[in-house]
Amino acid sequence: MQTKITLIFLFFIFITSCQQNSTQTELNNSILLDIDFDDSNLIHVKDFIDQVTFVPLETNDSCLISRIARVHSIDTLLFVHDIKTNSINVFNEKGKHLYNISKKGQGPGEYISLSKFLIDELKKQLIIYDADSKKLLYYTLNGKYIKEINKFGQNVIIRDIINLPDGNFLCYTPDYTKNIEYQGIFKLDSLGNPDKVYFNSEKYPILLKATESYFNKLSDGTVTIDAGDYNKIFHFKKDSLKCFISYITNRKSPTDYPNIDFESTLPMTPIMEITEKENYILTTWYDFNEEKAYQALYSKKTQKLEFGKFKFNNDLTTGIPSLEVHFNDPNKLLNVIYGYQIPEILESKMVSEEIKEILRKVPDPENANPVLEIQHLKK
């Protein structure tokens, strides 16, 4: 059955005070999506990806990457956060390893845990948030220590954090964290002092959908926030938090079951993954009963919505982007190819010989650093 898709626009503003110094605002466009798990529904990758660049990351004794959490591109540099080594490896755009940023310890300029790393693109500074020692550390992009802020967010719990243009920080802590004054989505000032709460209400908890990061940035500085349990995407800009998109579907979602627990097997089709880029929103929907996962691709430019399975062009890409790896570029997607995956890709009939030739050049792939497959989105 052909997927039926209707796009409507609803405009409304809802403002309520959840607690002192707390504001929530909605201003949304609603998308009606008729979810039909029919294998004949296809989304052609070539319709939204222009080209693909493969970047094999150099392997040497001082740079052995096990699991990538985040990749940040700035100028001609690639900052790669390796979870296992708790460090950042820096490469040039061709994948040549330049240096490591590894400052583990308890002294000045050192961190116990590299909980998050951020880049201030205006000041050309690297920022590391250490949740264990509650401090924020600033370095130059080549790893030279600048300063640290101790007792940062001392009285709050921070699940995710992103830097804002004014030097402040937007943070997230799940609303189900009880007896915490600052939870939901809130702002800290540059010294880590609580400033303002934007969402904090038992009637409207923000359970965000993501793996490594809940926040992303667009080119104009807008912070995108993915509230997957509510089939919504929020935007934060200029001290204002608004609902940007709501997906209204013909299937049940977690919000239809007010007292649902995390082990529930009730029939529902929630959003499992959300990635918003400059011109596209990519979502993955999973049906627990049918055990099927399909994608929806929404073009913000044309307002076109497609739902179905990805159909790949074997001369262009190796597969679906790794949405669990955070990549900052608003016009690109990222697929991380680990060494142990290369033999299987080389045997695949779905991958072109041109791509296979690139991967064959990776020496000792089982012990090599990953290859970054950077997918350039159409403008």
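In this report, we go over the structure that sits alongside the text. Here the structure is a predicted model, which means the values were calculated and not measured. (Residues numbered from 1 in each chain as written. Predicted model: local features only at pLDDT ≥ 70, side-chain atom pairs only at ≥ 80, totals over all residues. Heavy atoms only, no water.)

1. Quick look at the sheet that holds strand 10 (residues 97-101)
Picture the strands of a sheet paired through backbone hydrogen bonds; they go either parallel or antiparallel.
For step 1, the next point in the chain: Spatial ordering of the open sheet is given by 10-9-8-7-27, a layout of five strands whose pairing is mixed. One side of each edge strand has no neighbouring strand; the edge strands of this open sheet are strand 10 and strand 27 (326-327).
For step 2, the next point in the chain: Pairing geometry for strand 8 (residues 77-82) and strand 9 (residues 87-92), over six bridges, is antiparallel. Residue pairing for strand 9: Asp82 is matched across the bridge by Ser87. (Pairing = 2+ DSSP bridges. Helix = DSSP H or I, 4+ residues; strand = E, 2+ residues; numbered from the N terminus.)

2. Quick look at the pattern of salt bridges
For step 1, the next point in the chain: Per the stated rule, a full pass over the model turns up twelve salt bridges.
For step 2, the next point in the chain: Measuring nitrogen to oxygen at the nearest pair gives 3.5 Å for the salt bridge that ties Asp195 to Lys187.
For step 3, the next point in the chain: Here Lys187 falls in the buried class, since its relative accessible area comes to 7%.
For step 4, the next point in the chain: One salt bridge connects Glu357 with Arg360, and the closest N-O pair in it is separated by 3.3 Å. Taken together, the positions of Glu357 and Arg360, both in helix 2 (residues 353-360) and three residues apart, correspond to about one turn of that helix.
For step 5, the next point in the chain: Exposure remark for Glu357: the relative accessible area of 40% places this residue in the partly exposed category.
For step 6, the next point in the chain: Each of Lys187, Asp195, Lys196 and Asp239 takes part in salt bridges that share partners, so that together they form one network. (Salt bridge = Lys/Arg side-chain N within 4 Å of Asp/Glu carboxyl O. Buried < 20%, exposed > 50% of the residue type's maximum accessible area, 1.4 Å probe, protein only.)

3. Focus: the environment of Gln51
For step 1, the next point in the chain: In this fold, Gln51 is placed in strand 6 (residues 49-56).
For step 2, the next point in the chain: Since its relative accessible area comes to 45%, Gln51 is described here as partly exposed.
For step 3, the next point in the chain: Taking the C-alpha atoms as reference points, Gln51 and His376, separated by 325 residues in sequence, lie 5.4 Å from one another.
For step 4, the next point in the chain: Setting aside its immediate chain neighbours within four residues, Gln51 contacts Leu316, Ile374, Gln375 and His376. (Contact = heavy atoms within 4.5 Å.)

4. A few points about the sheet that holds strand 28 (residues 332-337)
For step 1, the next point in the chain: Reading across the sheet, the three strands line up as 6-29-28 and stay open at both edges, with antiparallel pairing between neighbours. Lying at the two open borders of the sheet, with one neighbouring strand each, are strand 6 and strand 28. Between one strand axis and the next, the sheet turns through 20° on average, direction left out of account.
For step 2, the next point in the chain: As defined by bridge partners, strand 28 adjoins strand 29 (residues 371-377) across six bridges and the pair is classed as antiparallel. Bridge assignment links Ile337 to a residue of strand 29, and that residue is Val371. (Axes fitted to C-alpha atoms, helices over the stretch in contact; angles between N-to-C directions.)

5. With respect to helix 2
For step 1, the next point in the chain: Residues Ile355, Lys356 and Leu359 constitute the buried set of helix 2. Take helix 2 and look down its axis: the buried residues cluster within an arc of 100°, on one side only.
For step 2, the next point in the chain: In this structure, the buried residues of helix 2 make contact with strand 6, strand 28, helix 1 (342-347) and strand 29. (Arc of directions from axis to C-beta.)

6. Comments concerning unusual backbone geometry
For step 1, the next point in the chain: Notably, Asp75 is not glycine yet its phi reads approximately 55°, a positive angle.
For step 2, the next point in the chain: Relative to the elements of secondary structure, Asp75 occurs in the loop between strand 7 (68-74) and strand 8.
For step 3, the next point in the chain: One non-glycine residue with positive phi stands out, namely Asn86, at about 55°.
For step 4, the next point in the chain: Relative to the assigned elements, Asn86 resides in the loop between strand 8 and strand 9.

7. Some thoughts on the nonpolar core
For step 1, the next point in the chain: Counting residues in hydrophobic clusters, the biggest one holds 22 residues, and the most contacted among them are Phe48, Ile49, Ile337 and Leu359.
For step 2, the next point in the chain: Within the residue set of this core, elements represented by two or more residues are strand 6, strand 24 (280-287), strand 28, helix 1, helix 2 and strand 29.
For step 3, the next point in the chain: Of all the elements, strand 6 adds the most residues to this core, at three residues.
For step 4, the next point in the chain: Not counting chain neighbours up to four residues away, the residues in contact with Leu359 comprise Ile337, Ile342, Ile345, Leu346 and Val371. (Core = buried A, V, L, I, M, F, W, Y, C linked by side-chain atoms within 4.5 Å.)

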